[in-house]
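# Descriptive analysis of the structure
Chain by chain, the residues:
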Amino acid sequence: MAAAVLVTITWIAVNPVPQGRAAECVSFVGPGIPPPAAVPLVVDGFHAAWYGQSGYMTLCPGETRTATVAYYNSGSLGWVSGRLGEVAYLGTWDPEPGQDRPSVLGGDGAFGSPNTGWPRYNRLAVQPSVYVGPGQVAWFQFTVKAPATPGTYRIALRPLIEGAQWMEDYGVFWVVTVPPISVAASATPTPTSSATTPPVSTSAPPTPGPATPTPTTTASPPPTATAPSSVVVVGPTPPSAYAIPAGAISVSTSAGLLAELQRSTVENIVIEDGIYDNPTAFFNPHGHRLYARNLGGAVFTAGFSMGGNGNSGEHPGGIIRGLAFNVTNRAKTEDGRGYIVLSWGPVGVGVQVLDSTFEGNAVCAAGTPASSCGMKAAVWSDHAEGMVVQRIRAQHFTDFGVGMTDEQNATDPGYSLPTPYLFSDIDVSHVGHPTPREANGTAEACIWLANNGTLQRARVRDCAWMGIWTGGNARNGGVALSDLDIDQTPKGIYAEHYSWGASYQRFLIGPNTVIGVNAEWADPLTGGLPACQNCRVESGTIQSCLVGVNYDLGTSGSSVRNVKFQFQSIAAIIDYNTASTNTFSNNDYTTVAVQVSHSAPPNKAFTCP
């Protein structure tokens, strides 16, 4: 079973800093992830499956700590220490610092890397025992060192057999946060309920719009805190080249692919350049791993079903990599549902969709039924446990770009994905019904996240209702969103029932948005519970025209910190509570007349004045 690599960081609250004193640097390591409940079947050759890891780190400048990651030998060949072509290492990987590139977090001292005892500047660790046989687990350990400059640093890694091949890429990475060693006190102390991510200095984003917006409401502004630093928003990496697994089966026709997909033994299948079509979806219930020979060279005019009920011979963990999809007929998707790649059921656990492009062909005149206007979504999951979606480009869909439902919600409101999903490097544009917003908030979102997991490095444009939606069972384990570039949509981020504990960090929203972040109210239909409790909006710029952040009725324990607000005509923040427990600190309201309003938010506002 493929595993999405997600670590929930446990933040340590730091007491407010009295005037004139410095804040102490506190180092800590967040909780790790236990191994998955199941592991892939042993297949021929060298293979490795992620099997757990220690947590992300917050380290004081110059401090070192040891990280641990486990890999299960899912191949038929053993790993032999000291023997070239058989020994397993961990190598640096994409996107940071890049394949075989030196890292600022560790190395052997060469090429600008600090000397932390790695075998080489681009090899983090070697297998810990002399021999790791098929079905055994190796616990790799390596040291990282915090740079002297405060910021957030990442290192991606991938296992390999030195001198032979890279093994599976599970998207494993570490985040090391280096806080400032001292912080000048502000007029309003940082609230202890908020988690903080130190921003990385860069130039500020452009600031289009009127110089002096006209407020339509009034409120008493809170004391002005220290202006936030500029924040880097890392854009998504496009679909990228990759290595074809050794010994992969080659197919060059639709018939040849269908024949291989029927085999119950898991295979690596390389798909040669060409056009591939089928009257219905291609079915892959046996967990086959599909790779285009050349990035984008295999073009599919039918979708894929990556799921099953767990019948005999079916296997989870299928992979799609490097394919291009251009589908016009919903009948060529599973059950005609209109999802180009659909994962579902026990066999859909751990599905990976990587380095692929999707054209949904939903370009229809107003008044055309949405059901006959192109595809609903590029990648969709009815059960997203362990799902990994990376380096995806999708455009022209009616309902969603990528996302998942919360099928367990009806029977178990407390359900949490045992292995959370990981979505990263996602670029989605042009999502909407023929008559925009006729879905009434139930669709028309570029990204839809209804379970606990992580989204990082996403760009969305022209989303008819909202850029990114979170809710459903997302509260059970939380959602963590970071590096978000959102524009051309009425609502930038829509926090729906239930997004409790969500974090939205490092973002640029606007200027062509109406409300930057919208947290739904305490709807009586939900038992009077709000969409957001203990949500965090941190480190970014919002240039929406009416409201920056709307914390609607009932929102509690939530925060807005280190955000630059620009040009909102109603208010930077609406905190619609008579007895609010929400906190706002270190924000920049320079171009906004009303900082925090306690009036009701605008109803059904979809366009700027």
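Quick look at the structure, then. (Residues numbered from 1 in each chain as written. Predicted model: local features only at pLDDT ≥ 70, side-chain atom pairs only at ≥ 80, totals over all residues. Heavy atoms only, no water.)

## What about the sheet that holds strand β9 (residues 137-145)?
Strand pairing in a sheet is mediated by backbone hydrogen bonds. Such pairs are either parallel or antiparallel. A sheet is described by the order of its strands in space; here 3 strands give the open sequence β2-β4-β9, paired in antiparallel fashion. Since the sheet does not close on itself, it has two edges, and those belong to β2 (48-53) and β9, each with one partner. In this sheet, neighbouring strand axes are inclined to one another by 30° on average, regardless of whether the strands run parallel or antiparallel. Two strands pair when backbone bridges link them, and strand β4 (residues 64-73) and β9 are joined in this way by 9 bridges, in the antiparallel orientation. Its bridge partner lying in β9, A67 is registered against F142. (Pairing = 2+ DSSP bridges. Helix = DSSP H or I, 4+ residues; strand = E, 2+ residues; numbered from the N terminus. Axes fitted to C-alpha atoms, helices over the stretch in contact; angles between N-to-C directions.)

## Looking at the side chain of E314
When you line up the elements, E314 lands in the loop between β19 (304-307) and β20 (319-321). Of the side chains with opposite charge, R337 lies nearest to the buried E314, which makes no salt bridge, at 15 Å. At 2.9 Å, the side chain of E314 forms a polar contact with the backbone nitrogen of G310. The residues touching E314, leaving out its near neighbours within four places in the chain, are P285, H286, G308, N309 and V347. (Buried < 20%, exposed > 50% of the residue type's maximum accessible area, 1.4 Å probe, protein only. Lys, Arg positive; Asp, Glu negative; His and termini not counted. Salt bridge = Lys/Arg side-chain N within 4 Å of Asp/Glu carboxyl O. Polar contact = N/O pair within 3.5 Å; in protein donor to acceptor, adjacent residues only side chain to side chain. Contact = heavy atoms within 4.5 Å.)

## Here's the deal with the pairing of strand β17 (residues 289-292)
The two faces of β17 match: R289 and Y291 on one face and L290 and A292 on the other face are all buried. Here strand β14 (residues 268-271) runs beside β17; their pairing, made up of 4 bridges, is parallel. For V270, the partnering residue across the bridge sits in β17 and is Y291. Here β17 runs beside β20; their pairing, made up of 3 bridges, is parallel.

## Section: the nonpolar core
Formed by 97 residues in total, the largest nonpolar core has its most connected members in F304 and F358. Other than its neighbours up to four places away in sequence, F358 contacts F325, I340, V341, V353, A378, V379, I392, R393, A394, Q395 and F397. Formed by 44 residues, the second largest nonpolar core is a distinct cluster that contains Y56, Y153, I155 and W166. (Core = buried A, V, L, I, M, F, W, Y, C linked by side-chain atoms within 4.5 Å.)

## Re the sheet that holds strand β40 (residues 596-597)
Reading across the sheet, the 12 strands line up as β16-β19-β22-β24-β26-β28-β30-β32-β34-β36-β38-β40 and stay open at both edges, with parallel pairing between neighbours. Of all the strands in the sheet, just β16 (282-283) and β40 have a single pairing partner and so form its edges. Direction of pairing for strand β24 (residues 377-381) relative to strand β26 (residues 400-404): parallel, over a ladder of 3 bridges. Paired with W380 across the two strands is G403, which belongs to β26.

## Considering the pairing of strand β37 (residues 559-565)
Of all 7 residues making up β37, 6 are buried, and the element is well covered by its neighbours. Pairing between strand β35 (residues 536-542) and β37: 6 bridges, direction parallel. Bridging from a neighbouring strand, R536 pairs with S559 of β37. As judged from the 3 bridges shared by β37 and strand β39 (residues 583-585), these two strands associate in the parallel manner. Bridging across to β39, V560 finds its partner in F584.

## Here's the deal with the packing of aromatic side chains
Scanning the entire structure with this criterion turns up 24 aromatic pairs. With a centroid separation of 4.4 Å and an interplanar angle of 25°, the aromatic rings of W380 and F400 are classed as stacked. Residue W380 is located in strand β24, and its partner F400 is located in strand β26; the two are separated by 20 residues in the primary sequence. Residue W380 is classed as buried on the basis of its relative accessible area of 5%. Geometrically, the ring pair formed by W465 and F606 is edge-to-face, given 4.9 Å between the ring centres and 65° between the ring planes. In this pair, W465 sits in the loop between β29 (453-463) and β30 (466-470) while F606 sits in the segment after β40, placing the two residues 141 residues apart along the sequence. Taken together, the ring pairs connect Y276, F282, F300, F304, F325 and F358 into an aromatic cluster. Across the ring face of Y498, the terminal group of R475 is positioned such that the distance to the ring centre comes to 4.2 Å. (Phe/Tyr/Trp six-rings, centres within 6.5 Å; stacked < 30°, edge-to-face > 60°. Lys NZ or Arg CZ within 6 Å of the ring centre and 35° of its normal.)

## Concerning empty space enclosed by the protein
According to the stated counting rule, one finds 3 cavities of 30 Å³ or more in the structure shown. As a volume, the largest cavity reaches approximately 160 Å³. Around the largest cavity, the lining comprises 18 residues; the ones closest to its centre are D94, P95, A156, F173 and R457. No other element matches the 4 residues that strand β10 (residues 151-161) contributes to the lining of the largest cavity. (1 Å grid on protein atoms, 1.4 Å probe; cavity = no way out; pocket = protein on both sides within 12 Å on 5 of 7 lines; lining within 4 Å. Points joined across faces, edges and corners; volume = space filled by probe spheres on them.)

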